[in-house]
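Tertiary structure, described
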Amino acid sequence: MNAAGLLRRARVGSGLSLRHLAERAGTSHSTLSAYETGHVNPSMQTLQRIIRAAGFGLAVDLVPIVDSPAHDRGDELVQVLELAAQFPARHHADLRYPRFGAR
């Protein structure tokens, strides 16, 4: 979701009017309107300030992209093999089920 959508969602979710949220956030209603319509993009600091004024928090998280050149597939394979080694193989040398065709 983009900044405009986040701001609109926060404002509507708080039940505040455009003017009231702008006042609480220390900005003008015309500036807030420009942010909400996507005509202007706020800085991250401004976005967080307005979201907080609406009574919400903003969490940003990074996740690795599997196809990224920075992501080493060899390390991923090692992790999978180490995980698999934690689950012991439980098998018996003798077949404990009837063979096909046997009666």
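Conventions and cut-offs
- Residues numbered from 1 in each chain as written.
- Predicted model: local features only at pLDDT ≥ 70, side-chain atom pairs only at ≥ 80, totals over all residues.
- Heavy atoms only, no water.
- Helix = DSSP H or I, 4+ residues; strand = E, 2+ residues; numbered from the N terminus.
- Buried < 20%, exposed > 50% of the residue type's maximum accessible area, 1.4 Å probe, protein only.
- Contact = heavy atoms within 4.5 Å.
- Areas by Shrake-Rupley, 256 points an atom, 1.4 Å probe, with all protein chains shown as cover.
- Arc of directions from axis to C-beta.
- Polar contact = N/O pair within 3.5 Å; in protein donor to acceptor, adjacent residues only side chain to side chain.
- Salt bridge = Lys/Arg side-chain N within 4 Å of Asp/Glu carboxyl O.

**Some words on the overall build of the chain**
- A count of helical and extended segments in the chain gives five helices and zero strands.
- Traced from its N-terminal end to its C-terminal end, the chain shows the element sequence α-α-α-α-α.
- Per-residue burial over the chain gives 19% buried out of 103 residues.
- Contacts in the chain between residues at least 24 apart in sequence constitute 50% of all its contacts with a sequence separation of at least 6.
- When the accessible surface of the chain is summed, it comes to about 8,500 Å², and 55% of that surface belongs to carbon and sulfur atoms.

**Observations regarding helix α4 (residues 44-53)**
- Along α4, the residues classified as buried are T46, L47, I50, I51 and A53. Seen from one end, α4 has its buried residues packed into an arc of 160 degrees, which puts them on one side. Away from the buried face of α4 by more than 90 degrees, exposed residues Q45 and R52 are located.
- Residues of α4 that are buried make contact with α1 (3-14), α2 (18-25) and α3 (29-37).

**Let's talk about the side chain of E36**
- Relative to the helices and strands, E36 is located in helix α3.
- Only 2.6 Å separates the side chain of E36 from the side chain of R11, close enough to count as a polar contact.
- Beyond its immediate chain neighbours, meaning those up to four positions away, E36 contacts A4, L7, R8, R11 and L18.

**Considering the pattern of salt bridges**
- In this structure the tally under the stated criterion is two salt bridges.
- For the salt bridge of E36 with R8, the shortest nitrogen-to-oxygen distance reads 3.9 Å. Here E36, found in helix α3, pairs with R8, found in helix α1; they are 28 residues apart in sequence, far enough to count as distant.
- Residues R11 and E36 are paired through a salt bridge, measuring 2.6 Å at the closest nitrogen-oxygen approach. Note that R11 is positioned in helix α1 and E36 in helix α3, a separation of 25 residues in sequence.
- Residue E36 is classed as buried on the basis of its relative accessible area of 6%.
- Through salt bridges with shared partners, a single network forms among R8, R11 and E36.

Taken by themselves, the reported measurements are silent on function.
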